[in-house]
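For reference, the chains in residue letters:
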Amino acid sequence: MGDIIFMGPPGSGKGTQAQKLVRENGWVQLSTGDLFRSHIEAATELGKRVKPILDAGTYVPDDITVEMVRQRLRDIPKETRIVFDGFPRTIDQAKAIDRLLSEVGRGLDGVIYLDVPRNELIARVITRGKREGRSDDTARVIVKRLDVYEQNTRPLIDHYKQRGMLREVDGTGTVEEIATRLGKAAEATWSR
Ligand code: ADP
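Everything numeric here is computed off the predicted structure, so don't read it as measured data.

(A) View of the packing of helix α2 (residues 32–41) against helix α3 (residues 45–56). Packing of α2 against α3 brings their axes to within 8 Å, and their N-to-C directions diverge by 120°. For the element pair α2 / α3, the angle class is oblique. Our pair here, α2 against α3, has a crossing hand that is left-handed. Contact with α2, carried on its side by Phe36, Arg37, His39 and Ile40, involves Leu46, Gly47, Val50, Lys51 and Leu54 of α3 and no other residues of that element. Of the residues belonging to the contact of α2 with α3, the class tally is five nonpolar, two polar and two charged.

(B) Quick look at the nonpolar core. One finds Ile5, Met7, Leu30, Leu73, Phe84, Ile97 and Tyr160 to be the most contacted residues of the largest nonpolar core, which totals 32 residues. Setting aside anything within four residues of it in sequence, one finds Phe84 in contact with Asp3, Ile4, Ile5, Phe6, Leu30, Val69, Leu73, Ile97 and Leu101. If you look at the next biggest cluster of nonpolar residues, it comprises 14 residues, including Val22, Val83, Ile112 and Leu182.

(C) Representation of the pattern of salt bridges. If you walk through the whole model with that rule in mind, you get 19 salt bridges. Linking Glu120 and Arg124 is a salt bridge whose minimum nitrogen-to-oxygen distance equals 3.0 Å. Here Glu120 pairs with Arg124, and both are found in helix α6 (residues 118–132), just four residues apart, close to one helical turn. Residue classification places Glu120 among the partly exposed residues on the basis of a relative accessible area of 30%. Arg134 is paired through a salt bridge with Asp137; the nearest N and O atoms lie 3.8 Å apart. Exposure remark for Arg134: the relative accessible area of 19% places this residue in the buried category. Judged by its relative accessible area of 4%, Asp137 falls in the buried class.

(D) Main features of the packing of aromatic side chains. Using the criterion set out here, one finds one aromatic pair in the structure. On the basis of an interplanar angle of 45° and a centroid distance of 6.3 Å, the ring pair of Phe84 and Phe87 is categorised as tilted. Since its relative accessible area comes to 0%, Phe84 is described here as buried. A cation over an aromatic ring shows up here: Arg81 above the ring of Trp27, its NZ or CZ 4.8 Å from the ring centre.

(E) Expanded view of the environment of Leu30. Relative to the helices and strands, Leu30 is located in strand β2 (residues 28–31). By relative accessible area, which is 1% here, Leu30 ends up buried. Between the alpha carbons of Leu30 and Leu73 there is a distance of 8.7 Å; along the sequence they are 43 residues apart. Other than its neighbours up to four places away in sequence, Leu30 contacts Leu35, Val69, Arg72, Leu73, Ile76, Ile82, Val83, Phe84 and Asp85.

(F) Spotlight on the packing of α2 against helix α4 (residues 62–74). Between α2 and α4, the least distance of the axes is 11 Å, while the angle of their chain directions is 90°. In terms of axis orientation, α2 runs roughly perpendicular to α4. For the pair α2 and α4, the contacting residues are Thr32, Leu35, Phe36 and His39 in the first and Thr65, Met68, Val69 and Arg72 in the second. Of the residues that constitute the contact of α2 with α4, the class distribution is four nonpolar, three polar and one charged.

Rules behind the numbers
- Residues numbered from 1 in each chain as written.
- Predicted model: local features only at pLDDT ≥ 70, side-chain atom pairs only at ≥ 80, totals over all residues.
- Heavy atoms only, no water.
- Axes fitted to C-alpha atoms, helices over the stretch in contact; angles between N-to-C directions.
- Helix = DSSP H or I, 4+ residues; strand = E, 2+ residues; numbered from the N terminus.
- Parallel < 35°, antiparallel > 145°, perpendicular 65-115°, else oblique.
- Left-handed = near helix turned anticlockwise from the far one by under 90°.
- Contact = heavy atoms within 4.5 Å.
- Nonpolar A, V, L, I, M, F, W, Y, C, P; charged D, E, K, R; others polar.
- Core = buried A, V, L, I, M, F, W, Y, C linked by side-chain atoms within 4.5 Å.
- Buried < 20%, exposed > 50% of the residue type's maximum accessible area, 1.4 Å probe, protein only.
- Salt bridge = Lys/Arg side-chain N within 4 Å of Asp/Glu carboxyl O.
- Phe/Tyr/Trp six-rings, centres within 6.5 Å; stacked < 30°, edge-to-face > 60°.
- Lys NZ or Arg CZ within 6 Å of the ring centre and 35° of its normal.

Structure follows, in structure tokens:
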């Protein structure tokens with residue numbers, strides 16, 4: 001069993017669903033957004049450097065992101081399946097993940113894309129911002145994040161489709177409904 005990538009625009013529920021799947025299956029979630037936020041909270045050098053980038057809703061440079069993922073990968077046992085959440089987000093990161101995984105004797109099983117319409121994404125993110133106080137979950141920043149996503153991350157859908165690795169999942173409905181669809185898609189990646 002190899003690793004899987006969860007892809008989807010901001011607000012698509014990648015994080016929520018990844019957390020649920022890892023809890024229920026003993027897998028590990030690797031969320032670059034969470035890793036950056038931990039650095040910001042702990043006020044590390046990296047955290048100070050990336051805070052303005054997250055607040056603006058743009059992407060952290062690939063070299064910084066890839067290095068952080070490389071470090072994190074060191075601590076994950078080989079037998080544990082990883083669910084990547086929010087990485088890769090650019091074509092260069094997609095190339096890097098293959099390299100990073102093969103360095104530690106791992107490989108990808110597949111990519112799951114959570115599809116949610118834009119108006120619902122905006123509404124969800126604004127609700128989350130009010131609930132959790134995430135500084136990039138505001139009406140202004142979400143529009144920027146969606147633009148950055150369309151430009152840099154949307155091309156990854158084709159990248160993985162061409163490789164026969166992509167499974168699309170309807171990301172609307174209740175958390176449970178989406179989880180059921182996702183669980184099936186994740187299982188189907190094993191038998192590829
Ligand atoms: P969301 O998917 O809702 O945007 P994340 O927590 O995944 O939330 O990401 C929050 C922010 O962290 C992004 O807007 C970006 O600034 C930064 N970030 C996360 N992952 C990456 C990545 N792979 N490459 C560059 N920047 C990233």
